Amino acid sequence: MVSKTGDIPATVPTCNPVDVANDQNGNQDTKESTKTTLKDPCACEHSTGTAVMNGDRTHEHTGEVESKQDGDAEAGEESNEQEVIVIQDTGFTVKILAPGTEPFDLQVSPQEMVQEIHQVLMDREDTCHRTCFSLQLDGNVLDNFAELKSIEGLQEASQLKVVEEPYTVREARIHVRHIRDLLKSLDPSDAYNGVDCNSLSFLSVFTDGDLGDSGKRKKKGNELEQIDCTPPEHILPGSKDRPLVPLQPPNKEWKPMQCLKVLTMSGWNPPPGNRKMHGDLMYLYMVTVEERHVSITASTRGFYLNQSTTYTFNPKPANPSFLSHSLVELLSQISPTFKKNFTTLQKKRVQKHPFERIATPFQVYSWTAPQVDHAMDCVRAEDAYTSRLGYEEHIPGQTRDWNEELQTTRELARKNLPERLLRERAIFKVHSDFAAAATRGAMAVIDGNVMAINPGEETRMQMFIWNNIFFSLGFDVRDHYRELGGDAAAHAAPTNDLNGVRAYGAVDVEGLYTLGTVVVDYRGYRVTAQSIIPGILEREQEQSVIYGSIDFGKTVVSHSKYLELLDKTSRPLKVQRHDVLNEKDEAVELCSSVECKGIIGNDGRHYILDLLRTFPPDLNFLPVEGEELPPEAKKQGFPRLHRHRLACLRQELIEAFVEHSKAAATANLLALPTTDTAENSSETTAPTTTLTPTSDSDTTKEQVSPTDAPMVEQINGVDAPPTTTTTEESPKPLINGVHEPVGPQNGQCESPLGGKEAEETIPGLAQAKELAESLVAEDGSGIDPKSREVVLNACKAVGSISNTSFDIRFNPDLFSPGVRFPDESADDIQKQKQLLKDAAAFLVSCQIPSLVKDCLDHSALPMDGATLTEALHQRGINVRYLGTVMEFVDKTPAKAQLEHFYRIGISELITRCAKHFFKTYLQGVELSALSAAVSHFLNCFLSSFPDAVAHLPPDELVSRRKNRKRRNRVPGSGDTNTAWASLTPSELEGVDQVVEKYRLQKITLLREIAIKTGIQILIKEYNFDSRHKPAFTEEDILNIFPIVKHVNPKASDAFHFFQSGQAKVQQGFLKEGCELINEALNLFNNVYGAMHVEICACLRLLARLNYIMGDHPEALSNQQKAVLMSERALGIEHPNTIQEYMHLALYCFANGQLSTALKLLYRARYLMLVVCGEDHPEMALLDSNIGLVLHGVMEYDLSLRFLENALTINTKYHGSRSLKVALSNHLVARVYESKAEFRSALQHEKEGYTIYKNQVGEAHEKTKESSEYLKYLTQQAVALQRTMNEIYKNGSNASITPLKFTAPSMASVLEQLNIINGIIFIPLSQKDLETLKAEVQRRQQLQESGKLEELTADSPLELDDKIPID
């Protein structure tokens, strides 16, 4: 299938190049497509085998990725054959003949199914009202699940006829549901209520619809039309006002267009037997806008009016009966308003950007919402009473066998690209369905709507099964966790288990199965939802477990098959095989922690569960009698007592520690002679060596020739050496918050000889490195005997388990209460304990400082709690270390430059404590008092009102409830419990003092606590500081949502393409990079559907490349998609969304859409004020952008306010001698020059000049430019002074030489915008180009020899913007 992205709209969720002009197809309106057949496991019905490639160019890349994947070249070759076949299927066009509309053409691809054409027709404006039809070719009905290429006679220009089919009850229901969806298609209430994967997006409010020509300045005569640039007061620098209402600006599109007053099921359902025999399927009741009440029969032939009324049943057809095959046709005949409004509504629906309508893969909840009117909705009502809660999910044959689906998708073939795509898509689809079902079930369990399977037990011990999913509550049942910390341990165990499931799932060993696992926090309870192992409910646990232990290691069993399977995971997961003693004191071999249980299901599959100790314990939070931690940990006050004993190290930390030790091993190899190495081993193991975390962007040095290096560094405005030039590309979320442990993360400590510089400077280092590489890679067989001893010592020094190869593994059972080890392994155990202590010390002495260093040089820029947590996690630091990190910042000399980081950390500490408090507080609240309790809690937490009093439910309700309370108690709901009402602000240590002390914002705290606990509040202005009345009333609490944790399945091939694309771009091959990224985009679409955070990263990078390569409209289009996707999939005020808005504003400006660019920048600034306040380094960049655009439209005074604020912030966070400050001064000077205030201009430019002179020297071209500009300003100032003197002297007869006042040109403004946003076009001389080409060839040779990994791994996931362009 040929796909230049031009032909295939990336917006279309199906992979077919549909004729977008006609239908902007976002076909997720139909819900019936959730079939469970694996033939088409995807709701948005992608075709099954589509490997969308860019013509033939990509074969060699694909092969490359293949062989890397499969680890052997033959597999790569084989798969190439496969792919070529797939790739060459090109699309073709068919003609569609539908009743009542003109014939039209539709472009399709051979891999699509007939079903997808159905979807397209149900979404098109002119055919959207049909659901019950078949497609016929020459009179033959096509099978819905047949691929188009398998249909005989179907070719270019074939005619497909749409033929109306008779209805069944199911089809009639689908039809009614589809019509309801069409009527609600512009209504945001589903997004506010967080249902059906709808979520909010506000971009179109600021771009006035689609980003076509809107926002261009129209020319009136020669004058550009003035645009209103004044921002609202609260957006201006220095404003203390933080309103909440602008967070959701009113969208005029959402004004309801009423087509019908009521559409609901009639009370006369179901039809009696005699009417069934006349073909009646069901009855509907409607009220039209004209107040006409009608009763409608859905029959096999279609819909018609009958003669029933509310109280009398008369099913005979009315006269006229208006029999129509579609409900829309019937209603259009009886209600003129319906006809008019429905047509308008469909036009508007189709005009919406598809990304505003497509469902997200996982539900995103909004923490604010307006008061939405509750309207009658038959489909919603039916969902609530049937399929969602009750009986349908219990009818055999109706429910999905989740376990079978999850495991079968894992077993699909994965030899070549098309197979892997199919497999990954199936896994992703089933997984997102399972997460949605598990979330619904968990809420039903806590709301008391599911019967327990052990109803006689106390509520906290109850377990539930619903829809083939097993639910348990996060309490310590039967003292299972008594020695580990009771309820606190039981609360932590599910998330640890989930991390284990994630890790084993990522290793993906054939034959080893994990359970589908989702952890849901809702109303103060933690619920674990798991798929059910076949047969486990029929037997006792003791009989089932054939590997591991069910009593924390008192009795232990092992099994050879499990050892064999787990052994395959032990190297990637760094798990040490070890022996433990069972109750008979016999040694039992394990390859996991003892809690990990192996059960063979009735389906013959080998399952592992209870993976809560997959990773080794964290000794910093696990005080053990008689064990000493290394001094650097003790110095920080470790070990500390924790709430539970399940504290583990994160996988990212293990990876980083192993990388660090690997570097230490390499360093040891170089420290010949060999004898010393052994003696020094003790020092080298402890990670105290002076470590220089390498910069994020080592790769940049590679592509800039030496002469250019200082220039790049300086243009980018960063004072560090050229290695850190990428700081502008703000917080680097690893592909959008997806932690892929690829290569060293940015917080990594490297060997004292950092990276490539060392290679050039130390002779013999390269050979030693090669030796190290060979020993790291292989089993050491290739090492000659002389080197063997060296290797032996180096491996020993870093605690490797093998003498010939570098292999560090951890024993997860160390320090587990109840686990005993055989005496003969005492030495090994000692070594393993030492390794654990080193890892714990490494976290404190290396990872935390490196995080702080990254924040200082702005390569990590968290903006809120979520991005802070992400930054910690990327470096393997658990959030329980947040206090330690804050202490470290507090003691840092450069604390002032870390104020933003410190403030975010403090507010994260506060809101997390409040969340834990809130959890136990809510458990005592019964449903009828929920909103009162939540508002009371928020008042105690955030309101300055000194005596917040709770509103109890009215008395008569309470007394009635007392008599009935024994009947159906919600888990943990206790008796009519009003203990929550006695909470006082003093118990919560009201945050007023802290807010004062650390200059926090209450609106930010409100956002953080709401997001963490799932509270949804009414969007209005809250007065937190009033001492006369509380800020919140119970009317302000609209909803409480679940917080869901689950595994995110990956699209591995797409991810490899994405990385290769980035590598290419970093080497300066923009075009090839662009093609690879396009490829990645196609593959991502293929696996995830059209909407996913990783696709968002892909689109952002594409847009940036389009922009750099000069294709501004394409950049605009891709970035618009990235913004929409970020709003929909991450949230409207997520820090990532703010970044996307800024990029979009830049491309709008470059496209001449100035007013739109300003609106977008103002929106970004408002969001940033809410999320983290004004005092943040990123605000300087935003304000410089706003200031420059305002300067461009000649709003000088406004421009100065923003630019001077940017200057202040840059000075604070980068130091007054930084090149960023120099650039800021220059921008301010330019505006003063435009205002003819030359004295101020001179003053600022002098500041800048001084910085350039001191930092980069007089000879540097930046210093020269600045000096030239100073001369020019001085001349202008002198000329102005002369003119003024002339006027004073001669009054009105003065002869005045006109002064040159320069309005800035758009080109110069854009140039400055590019510079501050880190987009640089480097002018290269011929000589530089030669050097560059030579460098690139060197890299390619390296790449062929497989050595490139360590070169490109330094910055795996961000695009370096220093791109040479010839």
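Please read these numbers as outputs of a predicted model, since none were measured by experiment.

Calculation notes
- Residues numbered from 1 in each chain as written.
- Predicted model: local features only at pLDDT ≥ 70, side-chain atom pairs only at ≥ 80, totals over all residues.
- Heavy atoms only, no water.
- pLDDT = per-residue confidence, 0-100.
- Helix = DSSP H or I, 4+ residues; strand = E, 2+ residues; numbered from the N terminus.
- Contact = heavy atoms within 4.5 Å.
- Phe/Tyr/Trp six-rings, centres within 6.5 Å; stacked < 30°, edge-to-face > 60°.
- Lys NZ or Arg CZ within 6 Å of the ring centre and 35° of its normal.
- Pairing = 2+ DSSP bridges.
- Axes fitted to C-alpha atoms, helices over the stretch in contact; angles between N-to-C directions.
- Buried < 20%, exposed > 50% of the residue type's maximum accessible area, 1.4 Å probe, protein only.
- Salt bridge = Lys/Arg side-chain N within 4 Å of Asp/Glu carboxyl O.
- Polar contact = N/O pair within 3.5 Å; in protein donor to acceptor, adjacent residues only side chain to side chain.
- Parallel < 35°, antiparallel > 145°, perpendicular 65-115°, else oblique.
- Left-handed = near helix turned anticlockwise from the far one by under 90°.
- Nonpolar A, V, L, I, M, F, W, Y, C, P; charged D, E, K, R; others polar.
- Expected span 1.5 Å × (residues − 1).

## What to know about the confidence of the model for the chain
This prediction gives the chain a mean pLDDT of 80; 74% of its residues lie at or above 70. Averaged pLDDT values for the elements of the chain fall to 33 in helix α22 (residues 709-715) and rise to 98 in strand β16 (residues 517-522). Across residues 213-224, where pLDDT falls below 50, the model places 25 contacts with residues more than four positions away in sequence or in other chains. Counting interchain partners and residues more than four positions distant, the pLDDT-below-50 stretch residues 1346-1366 has 76 contacts.

## As for the packing of aromatic side chains
With the rule as written, the count across this model stands at 32 aromatic pairs. Taken together, a centroid distance of 6.0 Å and an interplanar angle of 50° make the contact between phenylalanine 657 and phenylalanine 810 tilted. Of the two residues, phenylalanine 657 is situated in helix α19 (residues 651-670) and phenylalanine 810 in the loop between α25 (785-797) and α26 (826-856); the sequence distance between them amounts to 153 residues. Measuring from centroid to centroid gives 6.3 Å for tyrosine 1269 and tyrosine 1272, while their planes differ by 20°, and the two rings are stacked. You can see tyrosine 1269 and its partner tyrosine 1272 sitting in helix α44 (residues 1261-1290), three residues apart, about one turn around the helix. In this structure, arginine 124 is placed above the aromatic ring of phenylalanine 104, and the distance from its NZ or CZ to the ring centre is 3.6 Å.

## So, the sheet that holds strand β10 (residues 293-299)
Taking strand neighbours across the sheet as the criterion, the four strands line up as β8-β9-β10-β11 in an open arrangement whose pairing is antiparallel. Two strands bound the open sheet, and with one partner strand each, they are β8 (260-265) and β11 (302-305). Averaged over all neighbouring strand pairs, the angle between strand axes comes to 25°, with direction disregarded. Of the strand pairs in this sheet, β8 and strand β9 (residues 280-288) are connected by five bridges, and their pairing is antiparallel. Across the sheet, residue leucine 260 finds its bridge partner in β9, namely threonine 288. Across the sheet, helix α5 (residues 169-183) lies against β8, β9, β10 and β11, angled at about 20° from β9, the strand it touches most.

## Comments concerning unusual backbone geometry
Of note, the bond from asparagine 319 into proline 320 is cis; its omega dihedral lies within 30 degrees of zero at -5°. Put simply, phenylalanine 638 and proline 639 share a cis peptide bond, and its omega is 0°. Along the chain, proline 639 turns up in the loop between α18 (631-635) and α19. Positive phi is not limited to glycine here, since alanine 157 has a value of about 70°. Positionally, alanine 157 belongs in the loop between β4 (140-141) and β5 (159-164). Note on alanine 157: relative accessible area 56%, which makes it exposed. The phi torsion at glutamate 291 lies on the positive side, around 70°, for a residue other than glycine. By secondary structure assignment, the location of glutamate 291 is in the loop between β9 and β10.

## What about the pairing of strand β22 (residues 606-609)?
Neither face of β22 is exposed, since His606 and Ile608 on one face and Tyr607 and Leu609 on the opposite face are all buried. Here three bridges tie strand β15 (residues 512-514) to β22, and the two strands are oriented parallel to one another. Following the sheet pairing, threonine 514 is matched in β22 by isoleucine 608. Of the pairings in the sheet, the one linking strand β21 (residues 597-600) to β22 comprises four bridges and is antiparallel in character. Within the sheet, the bridge partner assigned to lysine 597 lies in β22 and is leucine 609. Hairpin geometry of β21 and β22 is characterised by an intervening segment of five residues between the two adjacent antiparallel strands and by a positive phi of about 80° at glycine 604.

## Here's the deal with the pattern of salt bridges
This model, assessed by the stated rule, comprises 70 salt bridges. One salt bridge in this structure joins glutamate 457 and arginine 478, with 3.3 Å as the shortest N-O distance. Within this pair, whereas glutamate 457 is found in the loop between α14 (417-446) and β13 (463-466), its partner arginine 478 is found in the loop between β14 (469-473) and α15 (486-507), the two being separated by 21 residues in sequence. Owing to a relative accessible area of 31%, glutamate 457 belongs among the partly exposed residues under this scheme. Under the relative-accessibility criterion, arginine 478 is labelled exposed at 54%. A salt bridge links lysine 634 to glutamate 628, with the shortest nitrogen-to-oxygen separation between them at 2.3 Å. Residue class for lysine 634 comes out partly exposed when judged on its relative accessible area of 41%. Linked by salt bridges that have partners in common, Asp864, Glu908, Arg912, Arg1007, Glu1008, Lys1012 and Glu1133 make up one network.

## Considerations on the side chain of threonine 869
Within the element layout of this structure, threonine 869 appears in helix α27 (residues 865-874). Not counting the four nearest positions on each side in its chain, threonine 869 is found in contact with Val879, Glu908 and Arg912.

## Notes on the side chain of asparagine 416
Relative to the assigned elements, asparagine 416 resides in the loop between α13 (402-411) and α14. With relative accessibility at 5%, the residue asparagine 416 sits in the buried group. A polar atom in the side chain of asparagine 416 sits 3.0 Å from the backbone nitrogen of glutamate 419.

## What about the packing of helix α28 (residues 882-891) against helix α29 (residues 899-923)?
It is at 10 Å that the axes of α28 and α29 come closest, and there the two elements cross at 150°. Here α28 is positioned roughly antiparallel relative to α29, judged by the angle of their axes. With respect to the hand of their crossing, α28 and α29 are arranged in left-handed fashion. Side by side, α28 and α29 meet where Leu882, Gly883, Val885, Met886, Val889 and Asp890 of the first sit next to Phe901, Tyr902, Gly905, Ile906, Glu908 and Leu909 of the second. Split into classes, the residues belonging to the contact of α28 with α29 amount to eight nonpolar, two polar and two charged.

## Looking at helix α39 (residues 1154-1172)
In this model, α39 (19 residues) spans 27 Å end to end at C-alpha, consistent with the 27 Å of a helix rising 1.5 Å per residue. Counted residue by residue, α39 has 18 buried out of 19 residues, so it is predominantly covered. One or two steps after α39, the chain reaches glycine 1173, where phi turns positive at roughly 85°.

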